[in-house]
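Chain and residue survey
Listed here are the chains, written in short residue letters.
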Amino acid sequence: MYMKQKRAVAINDISCMGKCSLTVALPIISAMGIETAVLPTAVLSAHTAFEGFTFCDLTDEIDKTREHWEKLKVHFDCIYSGYLGSLRQISLVEKFIDSFKAEDTLVVVDPVLGDNGQLYKNFTDVFAAEMAKLCAKADVITPNLTEAAYLLKREYLGDGYTEEDIKELLAELSKLGAKKVVLTGISYDENSLGVAMYDSLTGEYTYYKNEKISSMSHGTGDVWASTFVGSYVKGYGFEKSAEIATDFTVECLKATLDDKEEHWYGVNFEQCLPSLIKKYA
């Protein structure tokens, strides 16, 4: 039976070496059976954990690409944005969403700002405030606790939070404009790590956890968000997509444990793609 192939666009940088951003999003979303267009915001020789990386800013190409795609009358079933490097890029992505969001277009914003209570280098409170405006255009946002704090201009919860604290935070985040919110990296005990979900349309709160892997790696946020997008566009629904993404990220971490010295810069998600395809594509 013929089914029209869905199309997503991933807006992020290309770190040519390092297993993150578009080099993660493109293969994972494509593996789910979804045509994946890319809108690169910059090209780096390797991600920023590598010393001496090169950087080519593609900000000026974003609007040119948007204008060309408008002429082609391209339709996207999903618009997914990740790391953005400047205030101007945020503004251009807002414009892109305004141009291509149709009634059936899912908009997912991963508001990449920081981690462990701190903003990433070169980001400011002003940048976080503009990212909050971008979140208002999304259907789903996927911040971690640090990003949630900066988006809402409130104190970082750290490790001493309760389930009620998380529920309150999710409700506040939904007031930015996105009706559905996933808080990543949430743990209520020492042995597990998961995601907290809130659908403001139903008022339903859900928590899903998996095994906590002590070894942390670069790019796992991109792996999670890309798997979530692919699953959601595929039709698995909000909560199930978050569960699939969480389980797949843990699987990727486990696949890298014995190879950590060689692949310190990212997880071996490639080895896990066959199981993702077999189960969900």
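One can find the structure itself at the top, above this paragraph.
So, a few notes on the structure that sits alongside this text. Numbering of residues starts from 1 in every chain and runs along the sequence as written. Whole-chain, interface and lining totals are the exception, using all residues; otherwise, since this is a predicted model, local features are given only for residues with pLDDT of at least 70 and side-chain atom pairs are given and counted only at 80 or more. Hydrogens are left out, water is left out, and the side-chain values use all remaining heavy atoms of the structure.

1. A closer look at the side chain of Thr-256
Helix numbering and strand numbering both begin at the N terminus, where a helix is a DSSP run of H or I of at least 4 residues and a strand a DSSP run of E of at least 2. Along the polypeptide, Thr-256 turns up in helix 8 (residues 238–256). Separated by 2.8 Å, the side chain of Thr-256 and the backbone nitrogen of Asn-268 make a polar contact. Nitrogen and oxygen atoms within 3.5 Å of one another constitute a polar contact, given that in protein one can donate a hydrogen and the other can accept it, and given that sequence-neighbouring residues count only through two side-chain atoms.

2. Here we look at the packing of helix 8 against helix 9 (residues 269–280)
All axes here are fitted lines through C-alpha atoms, helices being fitted over the stretch that makes contact, and every angle between N-to-C directions spans 0 to 180 degrees. Interaxial distance between helix 8 and helix 9 falls to 9 Å at its minimum, and their mutual angle equals 145 degrees. Viewed along their axes, helix 8 and helix 9 form a crossing whose handedness is right-handed. Two secondary-structure elements touch here, helix 8 through Lys-240, Ile-244, Phe-248, Glu-251, Cys-252 and Ala-255 and helix 9 through Phe-269, Gln-271, Cys-272, Leu-273, Ser-275, Leu-276, Lys-279 and Tyr-280. Note on residue categories: nonpolar means Ala, Val, Leu, Ile, Met, Phe, Trp, Tyr, Cys or Pro, charged means Asp, Glu, Lys or Arg, and polar means any other residue, Gly included. Residue composition of the contact of helix 8 with helix 9, grouped by class: nine nonpolar, two polar and three charged. Helix crossings are classified by the rotation of the near helix relative to the far one: an anticlockwise turn of less than a right angle makes the crossing left-handed, while a clockwise turn makes it right-handed. Residue contacts are counted whenever heavy atoms from the two residues lie within 4.5 Å of one another.

3. A short note on the packing of aromatic side chains
Side-chain rings of Phe, Tyr and Trp (the six-membered ring for Trp) are treated as a pair once their centres are within 6.5 Å; stacked means planes under 30 degrees apart, edge-to-face means over 60, and tilted covers the remaining angles. All chains considered together, the criterion is met by 17 aromatic pairs. A centroid spacing of 5.4 Å and a plane angle of 75 degrees characterise the contact between Phe-76 and Phe-100, whose relative ring orientation is edge-to-face. Of this pair, Phe-76 sits in the loop between helix 2 (59–72) and strand 4 (78–81) while Phe-100 sits in helix 3 (residues 87–100), and the two are 24 residues apart along the sequence. No difference in accessibility class separates Phe-76 from Phe-100, as the two residues are buried. In this scheme, a residue with accessible area under 20% of its type's maximum is buried, one over 50% is exposed, and one in between is partly exposed, where area comes from a 1.4 Å probe on protein chains only.

4. Examining the pairing of strand 11 (residues 204–211)
Strands were regarded as paired on the criterion that DSSP finds at least two bridges between them. Relative to strand 11, strand 10 (residues 192–199) runs antiparallel, the two sharing eight bridges. Across the sheet, the residue bridging to Tyr-198 is Tyr-205, located in strand 11. Hairpin remark: strand 10 followed by strand 11, antiparallel, with four residues in the connecting loop; positive phi at Gly-203, about 75 degrees.

5. As for helix 2
The end-to-end C-alpha distance of helix 2 is 21 Å, a good match for the 20 Å that 14 residues give at a rise of 1.5 Å each. If you check which residues of helix 2 are buried, you get Thr-59, Ile-62, Asp-63, Arg-66 and Trp-69. One side of helix 2 holds all its buried residues, which, seen down the axis, span an arc of 125 degrees. Turned more than 90 degrees away from the buried face of helix 2, the exposed residues are Lys-71 and Leu-72. Buried positions along helix 2 lie against strand 1 (7–15), strand 2 (35–44), strand 3 (55–57) and helix 3. Note on helix 2: the residue one or two positions beyond its end, Lys-73, has a positive phi of about 55 degrees. In a helix, the anticipated span is given by 1.5 Å times the number of residues less one. Relevant arc is that of directions from the helix axis to the C-beta atoms, nothing else.

6. A look at the state of the cysteines
Two cysteine sulfur atoms make up a disulfide if the distance between them is within 2.5 Å. One pass over the structure, following the stated rule, counts zero disulfides. Distance from the sulfur of Cys-135, which forms no disulfide, to the nearest cysteine sulfur (Cys-78) is 14 Å.

7. Quick look at the pairing of strand 10
Of all the eight residues making up strand 10, seven are buried; the element is thus mostly covered by neighbouring parts of the structure. Summarising the sheet, strand 9 (residues 180–186) and strand 10 pair through six bridges and their orientation is antiparallel. Bridge pairing links Ile-186 to Gly-194 in strand 10. What sits between the antiparallel neighbours strand 9 and strand 10 is a turn of five residues.

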